[in-house]
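Structure at a glance
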Amino acid sequence: ASNPASAGEALEAAALAPPPPSWRPVDSVPDLQAMLQSVKAPLFADSVDLFQDDMHDFGIARMFARVLVAETFWCVVLRFFLRVDGVCARVVETRYICP
């Protein structure tokens, strides 16, 4: 069981906190290549497999994320790859960039 006093304090603190930032689409596209070339040493870089299935030897489905954090920006590339043997191959990629 939680302490009612601490739950009330948490609600008050949440009410006083500034609103979280919101995502919004933009018309201009940041120059990712220039941003990547400006990185001398990334603060953090990693690739994480989120999902992989061999589809009972009829193909493969894989989803992974690559994360790069530099001093002036961060970016995440989320990629889904699907190959069905003899039928189709698809790549769906989404990039999140915060300059």
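Since we're looking at a predicted model, the values are computed, not measured. (Residues numbered from 1 in each chain as written. Predicted model: local features only at pLDDT ≥ 70, side-chain atom pairs only at ≥ 80, totals over all residues. Heavy atoms only, no water.)

What follows deals with the pattern of salt bridges. Evaluated as defined, the whole model comprises 4 salt bridges. Where Glu93 meets Arg95, a salt bridge forms, and the shortest distance between an N and an O atom there is 2.9 Å. Residue class for Glu93 comes out partly exposed when judged on its relative accessible area of 31%. (Salt bridge = Lys/Arg side-chain N within 4 Å of Asp/Glu carboxyl O. Buried < 20%, exposed > 50% of the residue type's maximum accessible area, 1.4 Å probe, protein only.)

Okay, a nonpolar patch on the surface next. Side chains of Trp23, Trp74 and Tyr96 sit close together on the surface and give an oily, nonpolar patch of about 370 Å² of accessible area. Structurally, Trp74 can be placed in strand S3 (residues 74-84). Exposure remark for Trp74: the relative accessible area of 30% places this residue in the partly exposed category. (Patch = residues over 30% accessible without salt bridge, like charges linked within 9 Å, V, L, I, M, F, W, Y side chains within 5 Å. Areas by Shrake-Rupley, 256 points an atom, 1.4 Å probe, with all protein chains shown as cover. Helix = DSSP H or I, 4+ residues; strand = E, 2+ residues; numbered from the N terminus.)

Next up on the list: the layout of surface pockets. There is about 460 Å³ of room inside the largest pocket. Considering the residues around the largest pocket, the lining is formed by 14 residues, among which Trp23, Arg24, Val26, Ile97 and Pro99 are closest to the centre. Per element, the largest residue contribution to the lining of the largest pocket is 4 residues, and it comes from strand S4 (residues 88-98). Split into classes, the residues belonging to the lining of the largest pocket amount to 10 nonpolar, 2 polar and 2 charged. (1 Å grid on protein atoms, 1.4 Å probe; cavity = no way out; pocket = protein on both sides within 12 Å on 5 of 7 lines; lining within 4 Å. Points joined across faces, edges and corners; volume = space filled by probe spheres on them. Nonpolar A, V, L, I, M, F, W, Y, C, P; charged D, E, K, R; others polar.)

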